[in-house]
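Examination of the molecular architecture
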Amino acid sequence: MPEQSPTIPQYLRRYTDLPALLYLLKEKKITLLDPASWDDSNDSHYLSRYKEKKELGSVLAVCFSQAEETYHHWRVFSGNASGICIRFKREPLLRALRKQQGLMLGEVNYMALAEARKSLPAIAALPFIKRAAFIDEREFRAVFESGAASLHSLDVAIPLSCIDRISLSPWLHRNLADAAKEAIKGIDGCAGLKVYRSTLIGNEEWKTIGGSAC
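The structure displayed is predicted, hence computed values, not measured ones.

1. Focus on the pairing of strand S2 (residues 29-33)
Side chains Ile30 and Leu32 project from S2 onto a buried face, and the interleaved Lys29, Thr31 and Leu33 project onto a face without burial. Bridging between S2 and strand S9 (residues 153-157) involves five bridges; their strand directions are antiparallel. Its bridge partner being in S9, Leu33 is matched across the sheet by Ser153.

2. Some thoughts on the environment of Lys181
By secondary structure assignment, the location of Lys181 is in helix H6 (residues 174-185). If we ignore the near neighbours within four places in the chain, the residues touching Lys181 are Leu168, Val195, Tyr196 and Arg197.

3. Quick notes on the state of the cysteines
The term disulfide refers to a covalent linkage connecting the sulfur atoms of a pair of cysteines. Overall, the coordinates contain zero disulfides when judged by the stated rule. Free cysteine: Cys190, not disulfide-bonded; nearest cysteine sulfur from Cys162 at 11 Å. Taking the relative accessible area as the measure of exposure, Cys190 reaches 0% and is therefore buried.

4. Here's the deal with the pairing of strand S4 (residues 83-89)
Consecutive residues of a regular strand have side chains that alternate between opposite faces of the sheet. Within S4, six of the seven residues are buried, which leaves it mostly tucked inside the rest of the structure. One ladder, built from seven bridges, connects strand S1 (residues 11-17) with S4; its direction is antiparallel. Note on S4: the bridge partner recorded for Thr16 is Ile84. As judged from the five bridges shared by S4 and strand S10 (residues 163-168), these two strands associate in the antiparallel manner. In the strand pairing of S10, Phe88 is matched with Ile163.

5. What to know about helix H7 (residues 204-211)
Buried residues are scarce in H7, accounting for zero of its eight residues. Where H7 begins, the side chain of Asn203 points an oxygen toward the backbone nitrogen of Glu205, at a separation of 3.0 Å.

6. Notes on the pattern of salt bridges
Evaluation of the coordinates by the stated rule reveals eleven salt bridges. Across the pair Asp43 and Lys130 runs a salt bridge, and its minimum N-O distance is 3.5 Å. Remark: Lys130 occurs in strand S7 (residues 129-131) and Asp43 occurs in helix H2 (residues 41-53); sequence separation between them is 87 residues. In this structure, the salt-bridge partner of Lys130 is Glu139, at a minimum N-O distance of 2.9 Å. Take Lys130 and Glu139: they sit in the same class, and that class is buried. Three or more residues are tied together by salt bridges with common partners; here these are Asp43, Lys130, Glu137, Glu139 and Arg141.

7. Thoughts on the environment of Ala133
Mapped onto the elements of the fold, Ala133 is located in the loop between S7 and strand S8 (139-146). On the basis of relative accessibility, which here comes to 75%, the residue Ala133 falls in the exposed class. With 66 residues separating them along the chain, Ala133 and Thr199 place their C-alpha atoms 27 Å apart.

8. Here we look at the nonpolar core
Counting residues in each nonpolar core, the largest one holds 37 residues, and the members touching the most others are Leu25, Phe88 and Leu97. By residue number, the principal contributor to this core is helix H4 (residues 90-97), which donates four residues. Setting aside chain neighbours within four positions, we find Phe88 in contact with Gln10, Tyr11, Leu12, Arg14, Leu24, Ile30, Phe64, Leu93, Ile158, Cys162, Ile163 and Asp164. Core analysis: the second largest hydrophobic core is formed by eight residues, Tyr50, Ala61, Leu126 and Phe128 among them.

Rules of the game
- Residues numbered from 1 in each chain as written.
- Predicted model: local features only at pLDDT ≥ 70, side-chain atom pairs only at ≥ 80, totals over all residues.
- Heavy atoms only, no water.
- Buried < 20%, exposed > 50% of the residue type's maximum accessible area, 1.4 Å probe, protein only.
- Helix = DSSP H or I, 4+ residues; strand = E, 2+ residues; numbered from the N terminus.
- Pairing = 2+ DSSP bridges.
- Contact = heavy atoms within 4.5 Å.
- Disulfide = S-S within 2.5 Å.
- Polar contact = N/O pair within 3.5 Å; in protein donor to acceptor, adjacent residues only side chain to side chain.
- Salt bridge = Lys/Arg side-chain N within 4 Å of Asp/Glu carboxyl O.
- Core = buried A, V, L, I, M, F, W, Y, C linked by side-chain atoms within 4.5 Å.

The following block contains the structure:
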C-alpha cells in the first residue's frame, strides 16, 4: 500500500476534540482506537473483516485528512464548541509513526459500489478502502495490527514539534477562546504552539470584502 499520492500535501489534519488534544499534548502521544466505534459502519466492517480474515488479535486506527479545512470536516468530525483541528507537519509526523512496529500508513482508496462489484478488493487492501461518496475527505490512515495482543487502544509517541498549528472550533464562543488558548499553551512544552480560533464561519475580512462590493 503506497503511503503517498504523486502530489504530496504538506500537512495532515486531525479533527478531534479538546480532551483528546490535551491528552496528546500532555503525554506527547497520539492514540489509535478500535474502528468498531466509527460512525460509518461500512468502513468499520471492512476493518473488522480484515481482522477476522487475518486472524488478528487487534486492529486499531487513527485517521487524518489531506484536504484543506472545510465546513464538512468540522461539522462531521468536530461539530461542536469543543472541536479541534490539529494541523501536523506531514513528514515529521510520519517519521514518528513509522517507528511503531506493526503500523501501516496509507491513503484511503475510494471505490464506487459498481467498481467494487466488478473487482473484489484484496484482503490486504481492506483497511484502506472507503466508498466513493467520501472522496472529498481525502483520508490518510495509520492502522496498527497485532497477531496476539487484544488491545482497545494504542498510544504512539510523537514530538510536539510535528504540530504546525491548532485550530479551535468555529463554534467556540470568542469569550472562551482565550481561556482555551491559555490552557493549551500552559501545558509543558506548548508555550510556543500556534493556536487560533477558526474563522471558517465568521471571517471579518471576508465580510469586509463583501461590504466593499461595487
